[in-house]
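Residues per chain, in single letters:
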Amino acid sequence: MNMHLWPRQLRRKNRAWVRRHSYSFFSSLGVLLQHRIGTLMTVLVLGIAMFLPLGLYMTLDNLEGMNLRQDEWSAVTVFYKSGTTQAEVERVADELQKSSDPKVVTIISPSEGMAEFREASGFGKSLDMLDENPLPWVMQVSPQPGPTEQVEKQVEALMGFLQSIDSVEVTQFDYKWLQRLGRMMELGKAAVSALILLFGLAVVVVVANTIRLDVASHAEEIEILALVGAGNAFVRQPFLYTGLWYGLMGSVLALALLSLTMLYLGRPLGLLLETYGTAFNLHGLGFSDTLWVLLGGAILGWSGAWISVQRYLRRLKVGGRLGRQ
Amino acid sequence: MIKFERVSKLYPGGSRALADVSFTIERGSMVFLTGHSGAGKSTLLRLVMMLERASRGQVIVNDRNLSQSPDRLAPIVRRNTGMIFQDHKLLKDKTVADNVALPLMIAGLKYADIRKRVRAALDKVGLLDKEKAWPLTLSGGEQQRVGIARAIVSMPPLLLADEPTGNLDPILSRELFGLFEQISEQGATVLIASHDLDLIRRMGKRVLVLSAGRLADDIPASDG
């Protein structure tokens, strides 16, 4: 009979809930800003703890972007026996093109090779002394870029085919290096996961301990709140929000440290890599990664606070009896 | 409003705080609870607040049997009960207004409503000008009145006071009891634990006398 009443009652309840939460949200921030030094130290510890796995993650991310350019690394270079005719080279190239896996085939004639060498080596004059061009026909075959395993398979098939051709003298490829690098990256990623887990735990513990002290120093206030009718949720909220703020501030600090490190290391690293002939652009965390870091920090902080407050409330039984004074 | 049926309270360790206590307090009445310290006054109030549970017997407050209510209902019971403590129990790092606002914050009222009702409660206890003051800058009597404002701000049907005049001089005590009388005349049930016998006698209200955990006497109201 009161069915038409309850939605309004529910709405009123929801509004009360929102008001209580916004009260805790801002009052907890106010308390943190009141105790600046203590907050700063906790946030510093959290920021550094989060910075370490993030730094490794970003390093790997950059390495991956730089080195795993498969089109360069997975190319197979084919050297023909001297005396092979252009027609033969073109026949092999044709056959490769016709096979099922798409690939890019570049033919370098001996004269093209010589021109390139002349330019790159600076031996221009001395090369003129040669009677005839000693360079063989060369062919570069790049398989279609794709997932590592697929490329591996393609390269293997390609090698098999090329080695079966009489006119081919040597095939050369850098793919093993790519493979090794790939495996090392996988190892690195596993290490990042382990570190994230470990340092995530550290963040939870640090926040839990800070909040534990915080709760203990508010014992009197908690008792008074319970006496005037506060339930567990109301007592818990400000501490949970404090934990959330800690986590969030820690994440922000970790991200700031990451940016600073990039600024600091970016130039010397770029100069170093330039000597290897690699154009290198250090990139930071993307937008979604940044969001994840902020969210993750907030959740870890919240969880740490939850653990401490819950332990305390269970002992105190705020919801029920307060125990004997 | 409050009904005790053969209530006993034993604390762990065997000390007996209340033994076989039965009485009924009508809605809207004002009753004093007296006895020596250690007679069980505080324990009785704590049972009504659901801060303790009876070892035996039934405690019924506002038609709710507290002996059979789960712990999680305690906050709701306390929200419907205004409690005044001898040591005030004010938050030192919050202003007078914020202290009084606490029960309304817990209830999740709108800020504008909270402001209005806090001012009304402070006005009633004569402390409207101390709204922004810190509790520790107030005198004992003023702090006690802040506690009363907090207890009445949500207009609970039941008001409990544990030795509210413990630290006050006789004139202030008289004033305070007058205030309680006013509140009870507006419809609230008021139960005051006090050993200020002189003052209690002058008020002419019903008096429950506890002695060593037993209800030793029940003196009816003398005024018409």
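Residues numbered from 1 in each chain as written. Chains lettered and ligands numbered in written order. Predicted model: local features only at pLDDT ≥ 70, side-chain atom pairs only at ≥ 80, totals over all residues.

### Some details on the interface of chain A and chain B
The partner chain B presents 21 residues to the 19 residues of chain A that form the contact. Residue assignment for the side of chain A that touches chain B shows that the elements contributing at least two residues are α1 (6–34) and α9 (219–227) of chain A. The dominant element in the side of chain A that touches chain B, judged by the number of residues it contributes, is α1 of chain A, at five residues. Classifying every residue of the side of chain A that touches chain B by side-chain character gives nine nonpolar, four polar and six charged. (Contact = placed C-beta atoms within 7 Å. Helix = DSSP H or I, 4+ residues; strand = E, 2+ residues; numbered from the N terminus. Nonpolar A, V, L, I, M, F, W, Y, C, P; charged D, E, K, R; others polar.)

### Structural notes on the domain arrangement of chain A
Entries for chain A in the domain assignment read domain 1 (20–68 + 181–316) and domain 2 (75–173). Measuring from the centre of the C-alpha atoms in domain 1 of chain A to the corresponding centre in domain 2 of chain A gives 53 Å. (Domains from an automatic or database assignment.)

### Observations regarding the sheet that holds strand β2 (residues 16–25) of chain B
All names here are of chain B. With antiparallel pairing, four strands are arranged side by side in an open sheet as β2-β1-β4-β5. Each of the sheet's edge strands pairs with one partner strand only, and the pair in question is β2 and β5 (64–65). Bridge analysis of strand β1 (residues 2–10) against strand β4 (residues 56–61) gives five bridges, and the strand direction is antiparallel. The residue bridging I2 from the neighbouring strand is V61, located in β4. Packed onto the sheet, helix α1 (residues 41–48) meets β1, β2 and β4 and runs at close to 120 degrees relative to β1. (Pairing = 2+ DSSP bridges. Axes fitted to C-alpha atoms, helices over the stretch in contact; angles between N-to-C directions.)

### Re the domain arrangement of chain B
Residue and element names in this part refer to chain B. The assigned domain composition of chain B is domain 1 (1–80 + 157–224) and domain 2 (89–155). A C-alpha centroid distance of 23 Å is found between domain 1 and domain 2. Facing the nine residues of domain 1 at the interface are 11 residues of domain 2. Element by element, the count of residues in the side of domain 1 that touches domain 2 is highest for helix α6 (residues 170–185), at four residues. Classifying every residue of the side of domain 1 that touches domain 2 by side-chain character gives seven nonpolar, one polar and one charged.

### Some words on helix α4 (residues 111–124) of chain B
Residues and elements named next belong to chain B. Spanning 14 residues, α4 covers 20 Å between terminal C-alpha atoms, matching the ideal 20 Å at 1.5 Å per step. Where α4 is concerned, the buried positions are I114, R117, V118, A121 and L122. Buried residues of α4, viewed axially, fall in a sector of 135 degrees; they line one side. Facing away from the buried side of α4 by over 90 degrees, the exposed positions are A112 and D113. On its buried side, α4 packs onto α3 (96–107) and α5 (140–152). Following α4 by one or two positions, G126 adopts a phi angle in the positive range, close to 75 degrees. (Expected span 1.5 Å × (residues − 1). Buried ≥ 20, exposed ≤ 12 C-beta atoms within 10 Å, placed from the backbone. Arc of directions from axis to C-beta.)

### Structural notes on the nonpolar core
By size, the foremost hydrophobic cluster in this structure holds 111 residues, and its most contacted members are V203 of chain A together with L33, V48, V100, A149, L159 and L160 of chain B. The element contributing the most residues to this core is helix α10 (residues 232–274) of chain A, with 14 residues. Once residues within four sequence positions are removed from consideration, V100 of chain B is found in contact with V118, A121, L122, V146, A149, R150 and V153 of chain B. With 12 residues, the next largest nonpolar core counts V89, W137, V151 and V155 of chain A among its residues. (Core = buried A, V, L, I, M, F, W, Y, C linked by C-beta atoms within 7 Å.)

### What to know about the sheet that holds strand β8 (residues 189–193) of chain B
All names here are of chain B. On the basis of which strands lie adjacent, the open sheet formed by six strands has the order β6-β7-β8-β3-β9-β10 and mixed pairing. The open sheet is flanked by β6 (81–84) and β10 (214–219), the only strands paired with a single partner. Recorded for the sheet is a direction-independent mean angle of 15 degrees between the axes of neighbouring strands. As paired elements, strand β9 (residues 206–211) and β10 share five bridges and run antiparallel to each other. Paired with L210 across the two strands is L215, which belongs to β10. Each of β3 (30–34), β6, β7 (158–162), β8 and β9 touches α1; the most contacted strand, β7, lies at about 150 degrees to it. Of the strands in this sheet, β3, β7 and β8 touch α6, which is tilted by about 155 degrees from β8.

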